[in-house]
Amino acid sequence: MVHPLRLLFHVLIFIGLVAGEPQVPCYFIFGDSLVDSGNNNRLDTTAKANYPPYGIDFPKGVTGRFTNGRTVADIIGQLLGFVDFIPPYATVTDQVINTGVNYGSGSAGIREESGSHLGYRINLDTQLLNHVTTISRISALQNNKTFTAEYLKKCIYLANIGSNDYINNYLIPTRYPTSKIYTADQYATVLVQQYRQQLTTLYNLGARKIAIFGLGQIGCTPAEIANFGTNGKPCVEWINDAIKLFNDKLKHVVQELNSDHFNAKFTFINLTSISAPQGDVSVPNVPCCQVANSGQCVPNSSPCLVRALSVFYDGFHPTEVANTIVATRSYIALSNKDASPYDISHLARL
Ligand SMILES: *[C@@H]1O[C@H](CO)[C@@H](O)[C@H](O)[C@H]1NC(C)=O
Ligand SMILES: *[C@@H]1O[C@H](CO)[C@@H](O)[C@H](O)[C@H]1NC(C)=O
């Protein structure tokens, strides 16, 4: 028989582990629909996901997340030890703002105009302005400027943006002139230069632990396969080639940011490496839900039954299962191809 005190001791340890402190005091998320957790719900845009069957596997149901369950940013937050999901900027209250804010906005890009044909969106420059507002709020609550500056340095900052500068800009020549102005290589250069300035702004606002996600293989999304065809290949190869130019330049910029700012740690997450098929297993690139022309799920339609067997939930966005793989391997990388120079668990400890 177990001694009651001993049992109590084990129960207390268990509670301590489960409800332990997160590894960092706060976590801020910048990006697009891959991380949006409801910021677009009240905006005048068609780029929103606050209707079923989105959220069908999420504990709180429909929230505005563009997937069936948790986003990559949600899962990384849990791995970091946050018990509650980081609240969207649109609704964050003073009670919880000090643990971080999610600024992500569906259809938003690095460039101001990206996604504009879908309606309003919070582009990265505006997300950074919103972060200035957040810092003022935290600073007022903490009431000690030195303390707040030290506090913000300990947080994890995640940036996952750039897909809409392709999907909802460069790849729509009838609405956006960028593909007439720039070759794919030139476009990748101007995008990455602008992103570099925005990341420097984030650094100047006190961020010191910054995880930057490269872009996924947009040429393998069901929507772009349907738009452009694949010539018998599994994916639209010229789109993936354009994305690779962006990713290679972005990784280089991450290295430069690290050498320019010795007191900060930037890291690059390689989605191409993380989402490469393991062994011979290849999952077809078809959406789980019924998609409309927009690539989003048809409202109130019934999705596929076994979500765990699908990579894509709608025409563009991964399922929770795919998000779990990405989050897990960016948190603990299987090799330095997944995340370099640090994975996120390492970034948290630095
Ligand atoms: C403000 O915070 C700093 C750093 O944590 C601390 O050393 C200092 O004592 C604080 N000042 C006041 C007035 O509490
Ligand atoms: C990402 O990983 C893939 C697959 O391992 C590799 O081919 C590519 O060069 C990597 N990209 C970057 C920017 O490191």
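Given the structure is predicted, the values throughout are model-derived calculations rather than measurements.

> What is the right way to look at the packing of aromatic side chains in this model?
Between two aromatic rings, the relevant description is the distance of the centres plus the angle of the planes. Evaluated as defined, the whole model comprises 15 aromatic pairs. Centroid distance Phe 147 to Tyr 151: 5.9 Å. Interplanar angle 25°. Geometry classified as stacked. Of this pair, Phe 147 and Tyr 151 both sit in helix H4 (residues 145-153), 4 residues apart, which is roughly one turn of that helix. Residue class for Phe 147 comes out partly exposed when judged on its relative accessible area of 44%. Tyr 151 sits in the buried class, given a relative accessible area of 10%. Their ring planes at 70° and their centres at 6.1 Å tell us that Tyr 166 and Tyr 170 sit as a pair that is edge-to-face. Separated by 4 residues within a single helix, Tyr 166 and Tyr 170 lie in helix H5 (residues 163-170), roughly one turn from each other. Take Tyr 166 and Tyr 170: they sit in the same class, and that class is buried.

> How do you make sense of the pairing of strand S1 (residues 27-31) when you look at a structure like this?
The side chains of a regular strand alternate, first on one face of the sheet and then on the other. Most of S1 sits inside the fold, with 5 of its 5 residues counted as buried. Every second residue of S1 is oriented toward a common face, with Tyr 27, Ile 29 and Gly 31 on one face and Phe 28 and Phe 30 on the other, all of them buried. Alignment of S1 against strand S2 (residues 156-160), held across 5 bridges, turns out to be parallel. Looking at S2, one finds that Phe 30 is bridged to Ala 159.

> Can you help me understand the packing of helix H2 (residues 72-79) against helix H11 (residues 320-331) in this one?
The N-to-C vectors of H2 and H11 enclose an angle of 45°; their axes lie 8 Å apart at closest approach. In terms of orientation, H2 lies oblique with respect to H11. At the point where H2 passes H11, the crossing takes the right-handed sense. From H2, Val 72, Ile 75, Ile 76 and Leu 79 reach across to H11, where they touch Glu 320, Asn 323, Thr 324, Val 326, Ala 327, Thr 328, Ser 330 and Tyr 331. Looking at the contact of H2 with H11, its residues break down into 7 nonpolar, 4 polar and 1 charged.

> I would appreciate a short explanation of the pairing of S2 in the present structure.
For S2, the tally of buried residues reaches 5 of 5 residues, placing the bulk of the element in the interior. Burial of the side chains of S2 extends over both faces: Ile 156, Leu 158 and Asn 160 are buried on one face and Tyr 157 and Ala 159 on the other. Pairing of S2 with strand S3 (residues 209-213), which is carried by 3 bridges, proceeds in the parallel orientation. Note on S3: the bridge partner recorded for Ala 159 is Ile 212.

> Please clarify how the site of ligand 2 should be interpreted in this entry.
In the vicinity of ligand 2, the contacting residues are Lys 244, Asn 247, Asp 248, Lys 251, Phe 268, Asn 270, Ser 273 and Lys 337. Lys 251 is positioned with one of its side-chain polar atoms (N or O) 3.1 Å from an oxygen atom of ligand 2. Between ligand 2 and Asn 270, the relevant distance is 2.4 Å, taken from an oxygen atom to a side-chain nitrogen or oxygen of the residue. Taken by itself ligand 2 offers 360 Å² of open surface, and the protein chains cover 68% of this. No other element matches the 4 residues that helix H9 (residues 237-260) contributes to the shell around ligand 2. Its residues assigned to classes, the shell around ligand 2 comprises 1 nonpolar, 3 polar and 4 charged.

Criteria and thresholds
- Residues numbered from 1 in each chain as written.
- Chains lettered and ligands numbered in written order.
- Predicted model: local features only at pLDDT ≥ 70, side-chain atom pairs only at ≥ 80, totals over all residues.
- Heavy atoms only, no water.
- Phe/Tyr/Trp six-rings, centres within 6.5 Å; stacked < 30°, edge-to-face > 60°.
- Helix = DSSP H or I, 4+ residues; strand = E, 2+ residues; numbered from the N terminus.
- Buried < 20%, exposed > 50% of the residue type's maximum accessible area, 1.4 Å probe, protein only.
- Pairing = 2+ DSSP bridges.
- Axes fitted to C-alpha atoms, helices over the stretch in contact; angles between N-to-C directions.
- Parallel < 35°, antiparallel > 145°, perpendicular 65-115°, else oblique.
- Left-handed = near helix turned anticlockwise from the far one by under 90°.
- Contact = heavy atoms within 4.5 Å.
- Nonpolar A, V, L, I, M, F, W, Y, C, P; charged D, E, K, R; others polar.
- Near = heavy atom within 4 Å.
- Polar contact = N/O pair within 3.5 Å; in protein donor to acceptor, adjacent residues only side chain to side chain.
- Areas by Shrake-Rupley, 256 points an atom, 1.4 Å probe, with all protein chains shown as cover.

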